Amino acid sequence: MPESVHSLLHSESVRDAVTVAGWVRTRRDSKEFSFIEVNDGSCLANLQILVEAACQDYGIVGTVHTGAAIRVEGELVASPGKGQRWEVRARRLQLVGPAPEDFPLQKKRHTDEFLRTIAHLRPRTNKYGAMFRIRARLAHAVHEFFHQRGFYWIHTPIITGADCEGAGEMFRVTTLDLDNIPKVNGAVDFSQDFFGKEANLTVSGQLSVETCCLALGKVYTFGPTFRSENSNTSRHMAEFWMIEPEIAFADLRDDMALGEELVRHLVRFVQQECAEDLDLFARFVDKDLPARLENIASHEFIRLSYTETVELLQKSGRKFEFPPAWGHDLQSEHERFLTEDHFKQPVIVYDYPREMKAFYMRQNDDGRTVAAMDILVPAIGELIGGSQREERYDHLERRIAELGFDLADYWWYLDTRKYGTVPHAGFGLGFERLLMLVTGVGNIRDVIPFPRTPKHLEF
RNA sequence: UCCCCGGUAGCUCAGUCGGUAGAGCGGGUGGCUGUUAACCACUAGGUCGGCGGUUCGAGCCCGUCCCGGGGAGCCA
């Protein structure tokens, strides 16, 4: 196996015999020798290869174009040139996989729009390589965060038979022959489908993970989530990854504290552990990124009740397209005003009107609000949505009935309140939105290798 | 789904008043230098998103469709 570029660049000394393999980023020819910069994805930096005329494979240098895969054997030596400490003087150069002249990635800046059309090649760019390294390390840090605090990772189902998750449009899962759908009295006969009933992709693991919360105490899910909303924005996808912790014997205050601790911990993690890749985003994507991350990591989030928020917006003197009013959703322009203009940092809004929120959220004593909370962040808006859950059987049952849902569909969920119910709370954090926050990337389609959005399933 | 903007070489873009296609990068050839998005010269490369219309003449004006982007709603 070849040694990684990362490892070679961090070598303590010269090395007599090393092997490195990767993809060519650029080549510079002189009359008697060539420089090849190779990147193997192990880090942002390239390794410079010197191929001299004396090298027995010098003859193939001309076939080594940008994008080609090569394997090099040689010695690691101190580089006399500027810009790098080490370089490899090649003894052998092998063209593992050539890249013809129509290789789409040039040694110049490409637009994100173009790179989206070649999602199979964009990981080979500096920016997307950095993004996917950060993504992987951040995902690991999420698990680490929870593990250190005694949480258990629960694998909630991807396929759900419950239409009671209540968080948006769902993708149907079926093995029925769509050209010949079995029907009874004009309606689809799902008894003949694979599961014998309607099945969908999950829109949230929350209801499932609550059952484990009320057994293991502190739990979370972290996995793919699906929404078939026809959303065409820079911060929505049909398939995304969501982190959903759920804590027992806890209220909304505990929930907000956990959300804030998680976000600030992960921001700090990226600052400290992904510095080289993060610097690329600070230089080429968002100049204000370092200051914004430091601001998030080092300051407590603002907490404001929904009622206080509406009053603040109304008294702000700001002319909004949609005037804020109690009982109406906060608009994007309202959220941006709070996080970007007024407070200039994340804001937690809590205790929303019950009509705006889901059935499972705990009703407050005022009779008109529920113990819900959203964490809003600059540039992105809602990063976290959560609540204390309604743990009182009669309240929950009444709310389900009020909304016209069928109580029978919720039998197992209600059972958790019938037997040993306890106050508990949780939230959902959009992993891709977190990546947007920590990298400054403005479009959610650029923080995941293969984005799924309406009318886009190319790769 | 609604509103706005855009589609010109492999990529990034320019193209004036409607007058018949340009640059840089990338590719090829040659030169030169321990080079750093190397540099210099030469060269190849185009159904101007598709279709229809107006005009003597359309990359440019009109209609329509397709595709892309931004904003809004829904939310994570």
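Predicted model, so just to flag it, every value in this text is computed and none were measured.

**Re the pairing of strand S15 (residues 369-377)**
By the criterion of burial, S15 is predominantly enclosed, with 9 of the 9 residues buried. Inspection of the sheet shows strand S14 (residues 347-353) paired to S15 by 6 bridges, in the antiparallel sense. Looking at S15, one finds that Tyr-350 is bridged to Met-373. As paired strands, S15 and strand S16 (residues 381-388) are joined by 6 bridges and run antiparallel to one another. Considered in S16, the bridge of Val-377 is made with Gly-381.

**Topic: the protein's contact with RNA strand B**
Among the 52 residues in the neighbourhood of RNA strand B, the closest are listed as Ser-30, Lys-107, Thr-233, His-236 and His-456. Counting only atoms of RNA strand B within 4 Å of the protein, the sugar-phosphate share comes to 50%. Contact distances for RNA strand B include 2.6 Å between a phosphate oxygen and a side-chain N or O atom of Asn-443. Here the surface near RNA strand B takes 4 residues from S16, the largest share from any one element. Among the residues forming the surface near RNA strand B, the class breakdown is 11 nonpolar, 22 polar and 19 charged.

**Some remarks on the domain arrangement of chain A**
Each domain of chain A was delimited in the assignment, giving domain 1 (5-97) and domain 2 (122-167 + 203-446). Its C-alpha centre places domain 1 at a distance of 46 Å from the equivalent point of domain 2. Between domain 1 and domain 2, the residue contacts involve 8 residues of the former and 8 residues of the latter. Counting each side, the surface lost to burial between domain 1 and domain 2 is near 650 Å², with a carbon and sulfur contribution of 43%. Among the residues domain 1 hides against domain 2, the three largest losses belong to Trp-23, Arg-25 and Leu-44. Together they make up 71% of the total. Viewed at the interface, domain 2 and domain 1 are joined by 0 salt bridges. In terms of residue class, the side of domain 1 that touches domain 2 is made up of 4 nonpolar, 3 polar and 1 charged.

**Here we look at a nonpolar patch on the surface**
Judged by side-chain polarity, Ile-158, Ile-159, Phe-194 and Phe-195 come together as a nonpolar surface patch covering roughly 390 Å² of accessible area. Its relative accessible area of 44% is what places Phe-195 among the partly exposed residues.

**Here we look at the sheet that holds strand S13 (residues 302-305)**
Across the sheet, which stays open at both edges, the 8 strands sit in the order S6-S11-S12-S17-S16-S15-S14-S13 with mixed pairing between neighbours. The open sheet terminates on both sides in strands that have one partner only, identified here as strand S6 (152-153) and S13. Judged from the 5 bridges that link them, S16 and strand S17 (residues 424-430) form a sheet pairing that is antiparallel. Residue Ile-384 lies in a different strand from S17, and its bridge partner there is Leu-429. Sheet strands in contact with helix H5 (residues 252-273) are strand S12 (239-248), S13, S14, S15, S16 and S17, and its direction is about 30° off that of S17.

**A closer look at the sheet that holds strand S5 (residues 86-97)**
Around the barrel, 5 strands lie side by side as S1-S2-S3-S5-S4; this closed barrel has mixed pairing. The mean angle between the axes of side-by-side strands here comes to 55°, regardless of whether they run parallel or antiparallel. Two strands pair when backbone bridges link them, and strand S1 (residues 15-29) and strand S4 (residues 69-78) are joined in this way by 7 bridges, in the antiparallel orientation. Residue Val-18 lies in a different strand from S4, and its bridge partner there is Gly-74.

**Remarks on the packing of helix H3 (residues 126-148) against H5**
Orientation of H3 relative to H5, taken along the N-to-C sense of each, is 135°, at an axis distance of 10 Å. Of the possible angle classes, the one that applies to H3 and H5 is oblique. Viewed along their axes, H3 and H5 form a crossing whose handedness is right-handed. Between H3 and H5, the contacting residues are Arg-137, Leu-138, Ala-141, Val-142, Phe-145 and Phe-146 on the first element and Leu-258, Glu-261, Leu-262, His-265, Leu-266, Phe-269, Val-270 and Glu-273 on the second. Residues of the contact of H3 with H5, tallied by class, amount to 10 nonpolar, 1 polar and 3 charged.

**Quick word on unusual backbone geometry**
The backbone of Asn-185 shows a phi angle near 55°, a positive value even though the residue is not glycine. You can see Asn-185 is positioned in the loop between strand S8 (183-184) and strand S9 (187-188). Phi at Asp-351 is positive, roughly 60°, even though this residue is not glycine. Assignment of secondary structure puts Asp-351 in strand S14.

**Quick word on the packing of H3 against helix H6 (residues 275-284)**
Between H3 and H6, the shortest axis-to-axis distance is 9 Å and the interhelical angle comes to 130°. Taken as axis vectors, H3 and H6 run oblique relative to one another. Here H3 runs over H6; the crossing is left-handed. Taken together, the residues of H6 that come into contact with H3 (itself represented by Asn-126, Lys-127, Ala-130, Met-131, Arg-133 and Ile-134) are Asp-277, Leu-278, Leu-280 and Phe-281. By residue class, the composition of the contact of H3 with H6 is 6 nonpolar, 1 polar and 3 charged.

**Here we look at the pattern of salt bridges**
For the coordinates displayed, the defined rule picks out 29 salt bridges. The salt bridge involving Arg-27 is made with Asp-29; its shortest N-O contact spans 2.7 Å. Take Asp-29: its relative accessible area is 45%, and that puts it in the partly exposed class. For Asp-446, the salt bridge identified is with Arg-116, shortest N-O distance 2.8 Å. Taken together, the positions of Asp-446 in the segment after helix H12 (431-439) and Arg-116 in helix H2 (residues 112-117) put the pair 330 residues apart, joining distant regions of the chain.

Definitions and limits used
Residues numbered from 1 in each chain as written. Chains lettered and ligands numbered in written order. Predicted model: local features only at pLDDT ≥ 70, side-chain atom pairs only at ≥ 80, totals over all residues. Heavy atoms only, no water. Buried < 20%, exposed > 50% of the residue type's maximum accessible area, 1.4 Å probe, protein only. Helix = DSSP H or I, 4+ residues; strand = E, 2+ residues; numbered from the N terminus. Pairing = 2+ DSSP bridges. Near = heavy atom within 4 Å. Polar contact = N/O pair within 3.5 Å; in protein donor to acceptor, adjacent residues only side chain to side chain. Nonpolar A, V, L, I, M, F, W, Y, C, P; charged D, E, K, R; others polar. Domains from an automatic or database assignment. Contact = heavy atoms within 4.5 Å. Buried area = accessible area lost by both parts, 1.4 Å probe. Salt bridge = Lys/Arg side-chain N within 4 Å of Asp/Glu carboxyl O. Patch = residues over 30% accessible without salt bridge, like charges linked within 9 Å, V, L, I, M, F, W, Y side chains within 5 Å. Areas by Shrake-Rupley, 256 points an atom, 1.4 Å probe, with all protein chains shown as cover. Axes fitted to C-alpha atoms, helices over the stretch in contact; angles between N-to-C directions. Parallel < 35°, antiparallel > 145°, perpendicular 65-115°, else oblique. Left-handed = near helix turned anticlockwise from the far one by under 90°.

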